[in-house]
Amino acid sequence: MQYLNEILGIKYPFIQGGMANVATGAFAAAVSNAGALGIIGSGGMNAEKLEEHIRICKSLTDKPFGVNLMLMNPDTPRMAKLVAGSGVKVVTTGAGSPQKYVKMWKEAGILVIPVCASVLLAQQLVRAGADMIIAEGTESGGHVGEMTTLTLVPQMVDGVDVPVIAAGGIADGRQLAAACAIGAVGVQMGTCLLVSEECPIHENYKDALLKAKDNGTCVTGRISGSPTRILKNRMARDYIRLEKQGADRMELEKYTLGSLRKAVFDGNVDEGSLMAGQDCGQLKEIRPLEEIFRSLAEEASVVIRKQQETLRCLGGFES
C-alpha cells in the first residue's frame, strides 16, 4: 500500500483541513513547507480572492499544495474553473457533490479528494472519478456527519477501491497510529493546527482552544439539519436553546451570520463560532507546525513499536 506522502511527494502523510477564513494562502504555504500538504480554504472567498491566495501560496512555497472548495459557496462554478487552470495539484471538496467538476479537474491533472461522511456518497464519487476519499468522523470541527472516525474509516476502506484518508479527532501520534491500523493511508488534521504559531486566527481563539476540556465542544444545528461542532460558549448555548424551542431558520441565522469571522478575526469568544473538534482537550501549547508534525510522526512510531507487545494477549495468534 502506498501512503499519502508517497502519493503526493511530501514528507509526512498529513493533509491540512480546508478551514474557511483560516486556511489562507500563507498558512497553506507554511503547512507545505513544514512537510504536510497545505490547503487553501475557499469557503469565505470568491474567485478573485481565491486567485490572490493561490498566487500568495505559490510565492511562499515550492512544495505541493491544494485548494478546498466548499460547494455551497455561490461562486463555486467560477472557482472550480479557476482551479483547473491554476496549476494546483490537489482539490479537496466538502458540503456537496463535486461530480460535475471532476472531469475538468482530472483533465487538468488534478487529484480530486472529496471529504465524505458516508460510504454511499464516497462510492458515488469514486465512480465519478475521485482519486482518494477523506473519511471524516463526527469528532471533527465544523460541519459534521454522524459516524465516528473509528467506525467510518474501516467501512470506507472496505467500501471503495481508492486510498482513504482519515479525518476527525486526530491530534497526536496515538491517533495517527490508530488511523493507519484501520486502513488509512494518511490523516487530515484541522483543530490541532489552529494552535500552531503560524495559524492566523486571533489569540483569543487559540487561548480558548488551550483552555478547552474533553467535553468542551457541542454541535449546533442538529435539529435544523446543518450540524456544526464548535466550542461551547454563550452563542452556542443560546443557539441550541432557541433551536430546541422551535425557532425558525431566520431567527437562528442571526446567531451564525458572521460568527466565524467574529471568532477568527475579532477574537470574540462569547459570540463567535469557535469551530473545533473533540480533540481540543488534547491541545496544551502553541507550537510551530514543523514541531507538531515531527512529534506526531515520532509518537506514532513509538506506539506502533510498542503494539508488538500486545501480541502476547491475542491467544496465540502472534505467529
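You'll find the structure just up there.
Residue indices begin from 1 for each chain and proceed along its sequence in written order. Residue-level local features of this predicted model are given only where pLDDT is at least 70; pairs of side-chain atoms are given and counted only at 80 or more, and the full residue set underlies all totals for whole chains, interfaces and linings. In computing side-chain properties, one takes all heavy atoms of the structure into account and sets aside hydrogens as well as water.

Regarding the overall build of the chain
This is how the line gets drawn: We count a stretch as a helix when DSSP gives it H or I for four or more residues in a row; a strand needs E for two or more, and each element gets its number in order from the N terminus. Throughout, the radius of gyration refers to the C-alpha atoms, and the reference size of a globule is 2.2 Å times the residue count to the power 0.38. Residue exposure (1.4 Å probe, protein chains only): buried if accessible area is under 20% of the type maximum, exposed if over 50%, otherwise partly exposed. Residue-level accessible areas treat just the shown protein chains as cover; the underlying method is Shrake-Rupley with a 1.4 Å probe. For the purpose of charge, His is not counted, nor are the chain termini; Lys and Arg are scored as positive and Asp and Glu as negative. The location of each charge is read from NZ of Lys, CZ of Arg, CG of Asp or CD of Glu.
Counting its regular elements, the chain contains 14 helices and eleven strands. Its C-alpha atoms give the chain a radius of gyration of 19 Å, near enough to 20 Å, the size a compact globule of 319 residues would have. Overall, the chain is about 60 × 45 × 35 Å in size when its C-alpha atoms are taken along their principal axes. The 319 residues of the chain split such that 53% are buried. Carbon together with sulfur atoms contributes 52% to the accessible area of the chain, which is approximately 14700 Å² in total. For the chain, the separation between the mean place of its 33 positive charges and that of its 35 negative charges on side chains is 2 Å.

Quick word on the sheet that holds strand β11 (residues 228-231)
As a reminder, the rule being used: Strand pairing is defined by DSSP finding a minimum of two bridges between the two strands. Residues count as neighbours in contact if any of their non-hydrogen atoms are within 4.5 Å of one another. Here, axes are lines fitted to C-alpha atoms. For helices the fit covers the stretch in contact, and angles between N-to-C directions go from 0 to 180 degrees.
Read from one edge of the open sheet, three strands run β7-β11-β10, paired in antiparallel fashion. The open sheet terminates on both sides in strands that have one partner only, identified here as β7 (142-143) and β10 (217-220). Across the sheet, helix α11 (residues 234-244) touches β10 and β11, and the angle it forms with β10 is around 40°.

Remarks on the packing of helix α3 (residues 47-60) against helix α4 (residues 76-84)
For clarity, the cut-off: When an angle is under 35 degrees it counts as roughly parallel; over 145 it counts as roughly antiparallel; between 65 and 115 it counts as roughly perpendicular; any other value is oblique. By definition, turning the near helix anticlockwise from the far helix through less than a right angle yields a left-handed crossing, and turning it clockwise yields a right-handed one. Here the term charged refers only to Asp, Glu, Lys and Arg, the term nonpolar to Ala, Val, Leu, Ile, Met, Phe, Trp, Tyr, Cys and Pro, and the term polar to all other amino acids, Gly among them.
One way to put it is that α3 packs onto α4 with a least axis distance of 9 Å and a crossing angle of 30°. For the element pair α3 / α4, the angle class is roughly parallel. Classified by chirality, the crossing of α4 by α3 is right-handed. Each of A47, E48, L50 and E51 in α3 lies in contact with α4, whose residues at this interface are R78, M79, L82 and V83. For the contact of α3 with α4, the class distribution of residues is five nonpolar, no polar and three charged.

Points about the packing of α4 against helix α5 (residues 99-107)
Where α4 meets α5, the closest approach of the two axes is 9 Å, and the angle between their N-to-C directions is 15°. By the criterion of interaxial angle, the relationship of α4 to α5 is roughly parallel. For the crossing formed where α4 meets α5, the hand is right-handed. From α4, T76, P77, A80, K81, V83 and A84 reach across to α5, where they touch Y101, M104 and W105.

Focus: the side chain of N5
Inspection of the secondary structure puts N5 in helix α1 (residues 4-8). Once residues lying within four places of it in the same chain are set aside, the contact partners of N5 are I10, K11, Y12 and P13.

A word on the pairing of strand β3 (residues 65-70)
This is how it is decided: The crossover handedness rule: strands pointing away from the viewer, path from first strand over the helix to second strand clockwise, crossover right-handed.
When you tally the buried positions in β3, you get five out of six residues, the bulk of the element. Handedness of the crossover joining strand β2 (residues 38-41) and β3 through α3: right-handed. The pairing of β3 with strand β4 (residues 90-94) spans five bridges and is classified as parallel. Paired with N68 across the two strands is T92, which belongs to β4.

Points about the pairing of β2
Residues G38 and I40 line one face of β2 and the alternating positions I39 and G41 line the opposite face, and both faces are buried. Of the pairings in the sheet, the one linking β2 to β3 comprises four bridges and is parallel in character. Bridge assignment links I40 to a residue of β3, and that residue is V67.

Some words on the sheet that holds strand β1 (residues 14-16)
The pairing of strands in a sheet comes from backbone hydrogen bonds and takes either a parallel or an antiparallel form. Pairing in this open sheet of eight strands is parallel, and the strands run β1-β9-β8-β6-β5-β4-β3-β2 from one edge to the other. The sheet is open, and its two borders are formed by β1 and β2, each paired with just one other strand. Averaged over all neighbouring strand pairs, the angle between strand axes comes to 25°, with direction disregarded. Pairing of β4 with strand β5 (residues 111-116), which is carried by four bridges, proceeds in the parallel orientation. Opposite V90, over in β5, you have L111 as the bridge partner. Strands in contact with α5 are β3, β4 and β5; relative to β5, the strand with the most contacts, it is inclined by about 150°.

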